[in-house]
Amino acid sequence: MSVRNETITNRESPSIRQLVVSVAVSNPLAPSSLSGKRVLVTGSSRGIGADTITYFAEAGARVAINYRNKEARALKLVASLEEKGAEAIAIGADLTDPASVGSLVGTIATAFGGLDILVLNASGGMESGMEADYAMKLNRDAQVDFLTAMRPLLGAGSRVVFVTSHQAHFIKTVETMPEYLPVALSKRAGEDALRDLIPELEKSGIEFVVVSGDMIEGTITATLLQRANPGAIEARKEAAGRLYNVGEFAAEVALAAVEPIPADHTRYVGDVSDFLKA
């Protein structure tokens, strides 16, 4: 069960402090259902990634927590999972740095010998002080390069899960907020580039699925969007009826790693009627 009460300070905007209060969410995965499985979730030291990796660990999987610069937070999560009897390691890596990724691959190979589930959760593009093309580097180029680097560790029967948003998935047909546009365009570009790899992945017996969700309450992205565009979250909640919180969406990501994959390789979380009507 996931219960999160945490104050997050955005490193680029220290004035943005947010109390994240997630209601209790039961683990959607049965105890021991993933015993023996090896899992890596990128960007999993906090938020959606942290809750997702927790669900996997509680289901018996051996898990690797990836972080870019939040080592203390990642190690705290490792300790928490180990207290529950889980096997967990934390690996620092910047997905846009090939040398850093190479080191991560080596660590996974040594610790686990391979992977059964890879969740591509890490993303960005709204951070201040980054180069103009950072969103595309991280959300498209790094995703493809990272999966390519991980391929030797993924055997037949393994699965790759790519996490995105409705605002990015449907950006070709539905406009989004200007503040989110660079992220949406780059994440859609990343999704397209990864989808192009599906035939090659399938030849190796590797499964691939996209998980697309609406705005998620309690995330830094939602906070930054709200600050840049006051009322945006409330407006989207009214249009959609409800928005998922961090724990709820993480549960859907975890399920996407084990449940049957839709024919179009896309698993939608939350209402998409507004997007499909466009």
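Residues numbered from 1 in each chain as written. Predicted model: local features only at pLDDT ≥ 70, side-chain atom pairs only at ≥ 80, totals over all residues. Heavy atoms only, no water.

A. Region of the structure containing helix 4 (residues 134-150). When the local axis directions of helix 4 are compared, the greatest deviation, roughly 40°, occurs at Ala 142. For helix 4, the set of buried residues is Tyr 134, Ala 135, Leu 138, Asn 139, Ala 142, Gln 143, Val 144, Phe 146, Leu 147 and Met 150. At its buried positions, helix 4 is contacted by strand 3 (38-41), helix 3 (98-111), strand 6 (115-120), strand 7 (154-165), helix 6 (181-195) and helix 7 (198-203). (Bend = angle between axes of the 7 residues up to and from the residue. Helix = DSSP H or I, 4+ residues; strand = E, 2+ residues; numbered from the N terminus. Buried < 20%, exposed > 50% of the residue type's maximum accessible area, 1.4 Å probe, protein only. Contact = heavy atoms within 4.5 Å.)

B. The arrangement of unusual backbone geometry in detail. Positive phi is not limited to glycine here, since Ser 32 has a value of about 65°. Considering the arrangement of structural elements, one finds Ser 32 in the loop between strand 2 (17-25) and strand 3.

C. Examining the nonpolar core more closely. Within the largest apolar cluster, 39 residues are counted, with the highest numbers of intra-cluster contacts made by Phe 56 and Val 63. Only strand 3, helix 1 (47-58), strand 4 (62-67), helix 2 (71-83), strand 6, strand 7, strand 8 (207-213) and helix 10 (246-256) provide two or more residues apiece to this core. If one sorts the elements of this core by residue count, helix 10 sits on top with 8 residues. Aside from chain neighbours lying at most four places away, what touches Phe 56 is Leu 29, Leu 34, Val 39, Val 41, Ala 61, Val 63, Ile 117, Val 119, Ala 254 and Ala 257. Counting residues in each nonpolar core, the second largest holds 32 residues, with Leu 118, Phe 146, Met 150 and Leu 197 among its members. (Core = buried A, V, L, I, M, F, W, Y, C linked by side-chain atoms within 4.5 Å.)

D. Region of interest: the pattern of salt bridges. Taken as a whole and assessed by the stated rule, the structure comprises 13 salt bridges. Residue Arg 38 is joined to Asp 116 by a salt bridge in which the shortest nitrogen-to-oxygen separation is 3.0 Å. In this pair, Arg 38 is assigned in strand 3 and Asp 116 in strand 6, connecting sequence segments 78 residues apart. Given the relative accessible area of 18%, Asp 116 is considered buried. Glu 252 is paired through a salt bridge with Arg 267; the nearest N and O atoms lie 3.4 Å apart. Separated by 15 residues along the polypeptide, Glu 252 in helix 10 and Arg 267 in strand 9 (residues 266-269) bring together distant segments of the chain. (Salt bridge = Lys/Arg side-chain N within 4 Å of Asp/Glu carboxyl O.)

E. Summary view of helix 6. The end-to-end C-alpha separation of helix 6 is 21 Å, in line with the 21 Å expected for 15 residues at 1.5 Å each. Within the span of helix 6, buried status applies to Val 183, Ala 184, Ser 186, Lys 187, Arg 188, Ala 189, Gly 190, Glu 191, Leu 194 and Arg 195. (Expected span 1.5 Å × (residues − 1).)

F. Geometry of the environment of Phe 112. Mapping Phe 112 onto the fold places it in the loop between helix 3 and strand 6. Placed 48 residues apart in sequence, Phe 112 and Ala 64 show a C-alpha to C-alpha distance of 9.1 Å. Contacts of Phe 112, omitting those with residues within four sequence positions, involve Arg 38, Val 39, Arg 62, Val 63, Ala 64, Glu 87 and Ile 89.

G. Expanded view of the pairing of strand 8. Among the 7 residues of strand 8, 6 are classified as buried, and the element is accordingly described as predominantly covered. Where strand 7 meets strand 8, 7 bridges bridge the pair, whose relative direction is parallel. For Val 163, the partnering residue across the bridge sits in strand 8 and is Val 211. As paired elements, strand 8 and strand 9 share 4 bridges and run parallel to each other. Among the inter-strand pairings, Val 210 is bridged to a residue of strand 9, identified as Thr 266. (Pairing = 2+ DSSP bridges.)

H. Geometry of the sheet that holds strand 6. Spatially, 5-4-3-6-7-8-9 is the arrangement adopted by the 7 strands of the open sheet, whose pairing is parallel. Of all the strands in the sheet, just strand 5 (88-92) and strand 9 have a single pairing partner and so form its edges. Across the sheet, the axes of successive neighbouring strands diverge by a mean angle of 20°, strand direction being ignored. Relative to strand 6, strand 3 is paired through 3 bridges, and the arrangement is parallel. Paired with Val 41 across the strands is Val 119, a residue of strand 6. The sheet contacts of helix 3 involve strand 3, strand 4, strand 5 and strand 6, and relative to strand 5 the element is tilted by about 160°. Relative to the sheet, helix 4 contacts strand 3, strand 6 and strand 7, its axis offset from that of strand 6 by approximately 175°. (Axes fitted to C-alpha atoms, helices over the stretch in contact; angles between N-to-C directions.)

I. Structural context of the side chain of Ser 44. Relative to the assigned elements, Ser 44 resides in the loop between strand 3 and helix 1. Here Val 41 takes part through its backbone oxygen, which lies 2.6 Å from a polar atom of the side chain of Ser 44. If sequence neighbours within four positions are ignored, Ser 44 has contacts with Gly 49, Ala 50, Ile 53, Ala 64, Ile 65, Asn 66 and Leu 77. (Polar contact = N/O pair within 3.5 Å; in protein donor to acceptor, adjacent residues only side chain to side chain.)

Purely geometric stuff here, so don't read any function into it on its own.
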